[in-house]
Amino acid sequence: MLVGTPFAYLLARSEFRFKEVIEAIIDIPIMVPHVVVGIMIVLAFSSQYGLGPILQGLGINMIDTLIGAIVTVTYLSATYSIRVTETSIKTINPDIELTARTLGSSPAFTFIHVIVPRIWKSIANGALLTWARAVAEVGALLVVAYYVYFNGNDVYPASIYIYEGFQALGLAGVVKYSAALLVIVLVIFIVYRFILKRL
Amino acid sequence: MLLQLLNINLTLGNFKLNSVTLNVDQQEYLIIIGRTASGKTTILKTIAGAYRPSSGKILIDGSDITTLPPERRSIAYVSQIFSSFDPMNVRGNIEFGLRARGVPKPERTQLINGVVKDLGIEHLLDRMPVTLSGGEQQRVSLARALVTSPKILLLDEPLSMIDPETKGSIIRLLKAIPEKYNIPVVHVTHEWDEAYSLASRIAVINQGRIIEVGDPEQIFNEPRSYLTAKLVGFYDMHKGDATLTDSGSTIKLENGLELKSRMKINGSVYACVRPERIKLSTGDGFNTFEGRVVDVFRERFGFRIIINIKNIEFTALVGSMLPRGDVVTITIPEDSVYVIPAPESNGVPING
């Protein structure tokens, strides 16, 4: 939300050079298999390639770490948040912002007090979709952060754990985990939307 | 001169503002009139700071504000649509600009009380904007703009969303603003009667270019261009050749009809007549012709009839209904035939 909302505003309201390229980069997660995105992230950030050596020099490791997993699912899922919020911003007549600005309101004050109250439900919906997409991610995580060493333990993302379980134990071995994940996500969706509708 | 636009050029896609130069005085009510997509709103938004001109300058009190952001111009813009700041109520909307400027609460309350009293909307303060009528919304928009004490007020077609019943009271309100608040108003519209009612000066815009500036009487009675004449209600504009006479000129129209005018002019011209100046008659003097009614429209003040005279149509406003097909005689007073040189001609008014 913090990254996607300002980015969505920029895309909705500004025209700049190479905007089409930026938009295409945002849409990559819906264009190609996520395994490919994972491979690109490894190429860009592993210790041997791309920005990896620089990040390692700063003590940041992207592979099989929590930060690597977060960056990966954020990029892969942010498309939904950005596009939902961008569409919502585009429905607001720019005259409303101009009116506010001429009354003495700065761009930030206008955004917070005029734009956000009109789009917060879209931001919330985009956040829900983004979260759900992150929970469902398998392909890129298999490549970038198959497991994460966190707080003295090796932690597997739920999706990877279920996939691994299926490979090792077959269908019967993962039914209960799959059902549990489905129920948890479904309940969160229903409760979230129930609350949103009443606000 | 409070506001000066000096040679403003601006390109937006395929549209261009071309060397727009305008001056607006303190307490002046300037109306920019033009057809749809002629550039009038673009000028207003450029003054407000939404667009940055590619060249030219905007000055307020001699200070260059061309590159300043909207919030630092002291110019309030009231858009064509009612731009309510949801989910604030009317008080919150009016208070918005003061809050954005960091005005303390007690002062805000005092300023709001003053402006809502002026505009007669004290009873609306706790209402939500969505529950307001068009006229109420417009008053709230004006209150929200005026409470910030702008140096200039910009109005983008402020009467376009208002029912005819309310229009009169809003026009009265708008007309009082320059003197009451000691600011100039720049108002854009395509409605010529609205411009005529309100303006102390009128600028006519076409295709991004100001083609004429003048006081309302000059613009409406003696427009200098064909486009202005069309815009300000000359229904009948017929091309012809003018020749000088002792008392003015005679214009021979393309169908052979001869119209006499008091204006002295030679060459290729447009003879322009307002419908309200054409009279039904029985006489046979100058500018008296017989024709057939080919169409009739109901108007607020009578009937607008279209009369075909030797395959040229004239429009007249009459008090009573005339059936289509009726043969009528009309007279066009010589001093009601206004003549404009055709653009391609070298016809030049000699006087008057």
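Procedures and definitions
Numbering of residues starts from 1 in each chain and follows the order in which that chain's sequence is written. Lettering of chains starts at A and numbering of ligands starts at 1, both following the order in which they are written. pLDDT decides what is reported in this predicted model: residues at 70 or higher carry local features, side-chain atom pairs at 80 or more are listed and counted, and totals for whole chains, interfaces and linings draw on all residues regardless. Note on geometry: axes are lines fitted to C-alpha atoms, helical ones only across the stretch in contact, with angles between N-to-C directions running from 0 to 180 degrees. Elements are defined by DSSP. Helices are runs of H or I of four residues or more, strands are runs of E of two residues or more, and each kind is numbered from the N terminus. By the definition used in this description, the sense in which the near helix is turned from the far one sets the handedness, with an anticlockwise turn below a right angle giving left-handed and a clockwise turn giving right-handed. Contacts here follow a simple rule: the backbone-placed C-beta atoms of the two residues must lie within 7 Å. Each residue gets one of three labels, nonpolar for Ala, Val, Leu, Ile, Met, Phe, Trp, Tyr, Cys and Pro, charged for Asp, Glu, Lys and Arg, and polar for the others, Gly among them. The pLDDT value tells you how sure the predictor is about a given residue, anywhere from 0 up to 100. At least two DSSP bridges between two strands are needed for those strands to be called paired. In this document the domain limits rely on a domain assignment from an automatic tool or a database. Working definition of burial: number of other C-beta atoms within 10 Å of the residue's own, with buried at 20 or more, exposed at 12 or fewer, and partly exposed in between, all C-beta atoms being placed from the backbone. Comment on the angle field: the value is read as roughly parallel under 35 degrees, roughly antiparallel over 145, roughly perpendicular from 65 to 115, and oblique elsewhere. By definition here, a helix of n residues has an expected span of 1.5 Å times n minus one.

Engineer: Sorry if this is basic, but what is going on with the packing of helix 3 (residues 105-119) of chain B against helix 4 (residues 134-146) of chain B here?
Structural biologist: Packed helix pairs are characterised by how far apart their axes lie and by the angle those axes make with each other. Residues and elements named next belong to chain B. Helix 4 packs onto helix 3 with a crossing angle of 140 degrees between their chain directions and a minimal axis gap of 10 Å. By crossing handedness, the relation of helix 3 to helix 4 is classed as right-handed. Between helix 3 and helix 4, the residues in contact are Val115, Val116 and Leu119 and Arg139, Leu142, Ala143 and Leu146, respectively. Split into classes, the residues belonging to the contact of helix 3 with helix 4 amount to six nonpolar, no polar and one charged.

Engineer: Explanation requested: the confidence of the model for chain B in the structure shown.
Structural biologist: Detailed conclusions should not be drawn from predicted coordinates in areas where pLDDT is low. Residues and elements named next belong to chain B. Looking at chain B, the pLDDT average stands at 92 and 97% of residues meet or exceed 70. Note that residues 345-352 has pLDDT below 50 and, in this model, 22 contacts with residues that lie over four places away or in other chains. Across the interface, the model reports ipTM at 0.86; the global pTM reads 0.84.

Engineer: Can you walk me through the sheet that holds strand 13 (residues 258-261) of chain B in this structure?
Structural biologist: In a beta sheet, neighbouring strands are held together by backbone hydrogen bonds and run either parallel or antiparallel to one another. All names here are of chain B. Taken together, the five strands give an open sheet; going across it, the order is 13-12-11-14-20, and neighbouring strands pair in antiparallel fashion. Of all strands in the sheet, those bounded by a partner on one side alone are strand 13 and strand 20 (338-341). The sheet shows a mean angle of 40 degrees between the axes of neighbouring strands, taken without regard to direction. Bridging between strand 11 (residues 236-244) and strand 14 (residues 267-273) involves seven bridges; their strand directions are antiparallel. Bridge pairing links glycine 240 to valine 269 in strand 14.

Engineer: Just to check I follow, could you spell out the pairing of strand 18 (residues 312-318) of chain B for this structure?
Structural biologist: Regular strands show a simple pattern: their side chains alternate between the two faces of the sheet. Residues and elements named next belong to chain B. The pairing of strand 17 (residues 302-309) with strand 18 spans seven bridges and is classified as antiparallel. Of the residues in strand 18, the one forming a bridge with asparagine 308 is glutamate 313. The hairpin formed by strand 17 and strand 18 contains two residues between the paired strands, and lysine 310 there has a positive phi angle of roughly 45 degrees.

Engineer: Please clarify how the interface of chain B and chain A should be interpreted in this entry.
Structural biologist: On the side of chain A, 17 residues touch chain B, which itself brings 21 residues to the contact. Elements with a minimum of two residues in the side of chain B that touches chain A: helix 1 (40-48), strand 6 (75-78) and helix 2 (90-100) of chain B. Of the residues assigned to the side of chain B that touches chain A, the class counts are twelve nonpolar, four polar and five charged.

Engineer: Can you walk me through the domain arrangement of chain B in this structure?
Structural biologist: Interface size, as often reported, equals the accessible area lost upon joining of the parts. Considered domain by domain, chain B is made up of domain 1 (3-226) and domain 2 (234-341). Here domain 1 of chain B and domain 2 of chain B have C-alpha centroids that lie 38 Å from each other.

Engineer: How should I be thinking about the environment of B:Ile251 in this particular structure?
Structural biologist: Residue and element names in this part refer to chain B. For isoleucine 251, the position within the fold is in strand 12 (residues 249-253). Note on isoleucine 251: 24 C-beta atoms within 10 Å, which makes it buried. With ten residues separating them along the chain, isoleucine 251 and serine 261 place their C-alpha atoms 7.5 Å apart. Once residues within four sequence positions are removed from consideration, isoleucine 251 is found in contact with Gly240, Asp241, Ala242, Leu259, Ser261, Val269, Ala271 and Val339.

Engineer: Teacher, can you tell me more about the domain arrangement of chain A here?
Structural biologist: Residues and elements named next belong to chain A. The domain boundaries assigned to chain A delineate domain 1 (4-155) and domain 2 (157-199). Computed from C-alpha atoms alone, the centre-to-centre distance between domain 1 and domain 2 is 23 Å. Counting from both sides, the interface comprises twelve residues of domain 1 and, opposite them, nine residues of domain 2. At the level of secondary structure, the elements contributing two or more residues to the side of domain 1 that touches domain 2 comprise helix 7 (107-136) and helix 8 (139-144). Here the side of domain 1 that touches domain 2 is composed, by residue class, of ten nonpolar, no polar and two charged.

Engineer: How do you make sense of the packing of helix 2 (residues 19-31) of chain A against helix 5 (residues 66-90) of chain A when you look at a structure like this?
Structural biologist: Residues and elements named next belong to chain A. One way to put it is that helix 2 packs onto helix 5 with a least axis distance of 8 Å and a crossing angle of 115 degrees. In terms of orientation, helix 2 lies roughly perpendicular with respect to helix 5. Once helix 2 is placed against helix 5, the crossing between them reads as left-handed. Counted together, Ile26, Asp27, Pro29 and Ile30 of helix 2 and Leu76, Thr79 and Ile82 of helix 5 form the full contact between these two elements. Here the residues of the contact of helix 2 with helix 5 sort into five nonpolar, one polar and one charged.

Engineer: It is not clear to me how the sheet that holds strand 4 (residues 55-60) of chain B should be interpreted in this structure. Could you clarify?
Structural biologist: All names here are of chain B. The strand order across the open sheet formed by four strands is 2-1-4-5, and the pairing between neighbours is antiparallel. Both edges of this open sheet fall to strand 2 (15-24) and strand 5 (63-64), since each of them pairs with a single strand only. Alignment of strand 1 (residues 3-12) against strand 2, held across seven bridges, turns out to be antiparallel. Opposite leucine 5, over in strand 2, you have leucine 22 as the bridge partner. Here helix 1 sits on the sheet in contact with strand 1, strand 2 and strand 4, set at roughly 65 degrees to strand 2.

Engineer: Looking at this model, I keep getting lost on helix 7 of chain A. Mind explaining?
Structural biologist: Note: α-helices contain 3.6 residues per turn, so residues at a spacing of three or four share the same orientation. Taking 1.5 Å of rise per residue, the 30 residues of helix 7 of chain A would be expected to cover 44 Å, yet its terminal C-alpha atoms sit only 36 Å apart, more than 12% below that figure. Elements in contact with the buried residues of helix 7 of chain A: helix 1 (4-13), helix 5 and helix 6 (94-102) of chain A.

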